[in-house]
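A structural walkthrough
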Amino acid sequence: ESLGGKMSLLQRRWFGQATETYTLAGDAPYAAIAEAANAEFNRVTPENTMKWETIEPQQGVFDFTLGDALVEWAQANGQAVRGHTLVWHSQLPAWVSNPTVPWTPATLKPVLENHIRTIVRHYKGKVDMWDVVNEMFNDDGTFRQTVFYNTFGTDFVGWALTWAHEEDPDALLFINDYNFEYVSPKVNAAATFFQGLIDQGFPLGAVGAQAHLIVGQVDQTGITAGLSTFADLGLLVYLTEVDIRYQIGRGNDIANYTSSQIGQEAKDYYELTNACLAVDNCLGMTVWEYTDKYSWIPGVFAGAGAALPWDVRLNKKPAYTAILEAI
Ligand code: XIL
């Protein structure tokens, strides 16, 4: 029994992981769990290396080295690839985020078009899902002020989807965000905006809910309702960056938590998995790294951690068993 194995055989859905080949290369026990033989994962997302600062560090100069390495690893290990991410305000190179001459629509549009077309063309047939736009909304449902929004308004969203679709008509195109799990002003505003894109014929296929969640604050019914807001538009949905962190100052090692706290995380993973399974249009879920050892959480949320199904010693936690039971 394995997460990816059960998810594909019983549910015909995805159970993915985020990783990078440089992480795999430096840690053989970690790589052994990540790879094909264990069948825990049937899909993989590059955690960082397809982001703009890495893949186009200078204007028109593309570096696919690390992205290609992960795609080759995925192919060798029977794992499909989610591309992450084409348009995002974060992890941009300075030449985009802080240009010497301020961007105008006329100067930035060809840059964005070349970025999207070159990457999607390069990975055509190898990356079957793309996070085309990431984190474009504020929590109150307004549009985030980014270099793209400030230059183009919302027009860049339809363009980005169109350019990506023209380069690879078979790729499923996503708009991805956090706090997309529960019905909220953000989710309602996004759904209205997505309906507009659909009405205008733009090739939006799916919504990614990152699902960076907090232990004790996971509710299956609420998440099913949130995902259904998007599914009801005819869009597919996916839990793209799952982790469920403790926010009680006990850090990243599950050994520092009580058994009832550990049980709560397991229950939360069980409910989250079931929330996806309850929505016909939910394609699956991807954990943002499978182990606490490589989680981004402790570096960003002080005192928080222990957010993943495997602990810092690469041992399976009760959260792992809970997901397996849910599937
Ligand atoms: C994170 C990575 O995990 C970190 O290694 C990196 O330093 C910062 O980005 N939302 C996203 C992801 O869409 O790309 C982010 O990944 C986590 C939040």
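Everything numeric in this text was worked out from a predicted model, so none of it was measured.

Looking now at the overall build of the chain. The number of helices and strands found in the chain is 14 helices and 9 strands. Relative to its length of 327 residues, the chain is compact, with a C-alpha radius of gyration of 19 Å against a globular reference of 20 Å. Dimensions of the chain, computed from the C-alpha atoms along their principal axes, are close to 60 × 40 × 40 Å. Across the 327 residues of the chain, 46% fall into the buried class. Of all intrachain contacts in the chain linking residues separated by at least 6 positions in sequence, the fraction that spans at least 24 positions is 79%.

Attention shifts here to the pairing of strand β9 (residues 282-287). By the criterion of burial, β9 is predominantly enclosed, with 6 of the 6 residues buried. Summarising the sheet, strand β1 (residues 14-19) and β9 pair through 4 bridges and their orientation is parallel. If you follow Gln17 over to β9, its bridge partner there is Val287. In this sheet, β9 lies alongside strand β8 (residues 236-245) in parallel orientation, the contact comprising 3 bridges. Following the sheet pairing, Val242 is matched in β9 by Val287. Viewed along the sheet, the connection from β8 through helix α12 (residues 259-277) into β9 turns out right-handed.

Okay, the site of the ligand next. Residues in close proximity to the ligand include Glu47, Asn48, Asn134, Gln210, Glu241 and Trp296, which together make up its full environment. For the shell around the ligand, the class distribution of residues is 1 nonpolar, 3 polar and 2 charged.

In this fold, Asn252 is placed in the loop between β8 and α12. Sequence separation between Asn252 and Val287 is 35 residues; the distance between their C-alpha atoms is 16 Å. Beyond its immediate sequence surroundings of up to four residues, Asn252 is in contact with Asp292, Ser295, Pro298, Gly305, Ala306 and Val312.

Moving on to the UniProt feature "domain: GH10" (unreviewed entry) in the chain. Taking the numbering used here, the UniProt-annotated feature "domain: GH10" (unreviewed entry) corresponds to residues 18-326. The span residues 18-326 is 41% helix and 16% strand, and its two end C-alpha atoms sit 21 Å from each other.

Looking at soluble globular proteins, one finds that nonpolar side chains tend to be buried together. In terms of nonpolar packing, the biggest core is built from 92 residues, with Trp130, Val132, Ala160, Ala164, Val207, Val237 and Leu272 touching the most fellow members. Among the elements that take part in this core, α12 stands out by supplying 6 residues, more than any other.

Here the amide bond leading from His84 into Thr85 is cis, since omega sits at 0°, within 30 degrees of zero. Tracing the sequence through the fold places Thr85 in strand β3 (residues 80-87). Residues other than glycine seldom take positive phi values, yet Arg12 does so here, at roughly 50°. Note that Arg12 resides in the loop between α1 (3-11) and β1. Its 9 C-beta neighbours within 10 Å are what place Arg12 among the exposed residues. Positioned with a positive phi, Glu135 is a non-glycine residue whose angle comes to about 55°. Its place among the elements puts Glu135 in the loop between β4 (129-134) and α8 (147-152).

We now examine the pairing of strand β2 (residues 43-46). Note on strand geometry: in a regular strand, side chains alternate between the two faces of the sheet. Of the two faces of β2, both are covered, the one formed by Arg43 and Thr45 as well as the one formed by Val44 and Pro46. Alignment of β1 against β2, held across 4 bridges, turns out to be parallel. Pairing of Gly16 across the sheet is with Arg43, part of β2.

The next thing to look at is the packing of helix α11 (residues 220-231) against α12. Two numbers describe a pair of packed helices, the interaxial angle and the distance between the axes. Viewed as axis vectors pointing N to C, α11 and α12 meet at an angle of 35°, and their least axial separation amounts to 8 Å. Once α11 is placed against α12, the crossing between them reads as right-handed. When α11 is examined against α12, the residues Gln220, Ile223, Thr224 and Leu227 are found in contact with a partner set consisting of Glu271, Leu272, Asn274 and Ala275. Grouping the constituent residues of the contact of α11 with α12 by class yields 4 nonpolar, 3 polar and 1 charged.

About the criteria used
- Residues numbered from 1 in each chain as written.
- Predicted model: local features only at pLDDT ≥ 70, side-chain atom pairs only at ≥ 80, totals over all residues.
- Helix = DSSP H or I, 4+ residues; strand = E, 2+ residues; numbered from the N terminus.
- Rg over C-alpha atoms; globule rule 2.2 N^0.38 Å.
- Buried ≥ 20, exposed ≤ 12 C-beta atoms within 10 Å, placed from the backbone.
- Contact = placed C-beta atoms within 7 Å.
- Pairing = 2+ DSSP bridges.
- Right-handed = clockwise from strand over helix to strand, strands pointing away.
- Near = placed C-beta within 6 Å.
- Nonpolar A, V, L, I, M, F, W, Y, C, P; charged D, E, K, R; others polar.
- UniProt positions renumbered as here; feature names shortened; annotations may be inferred.
- Core = buried A, V, L, I, M, F, W, Y, C linked by C-beta atoms within 7 Å.
- Axes fitted to C-alpha atoms, helices over the stretch in contact; angles between N-to-C directions.
- Left-handed = near helix turned anticlockwise from the far one by under 90°.

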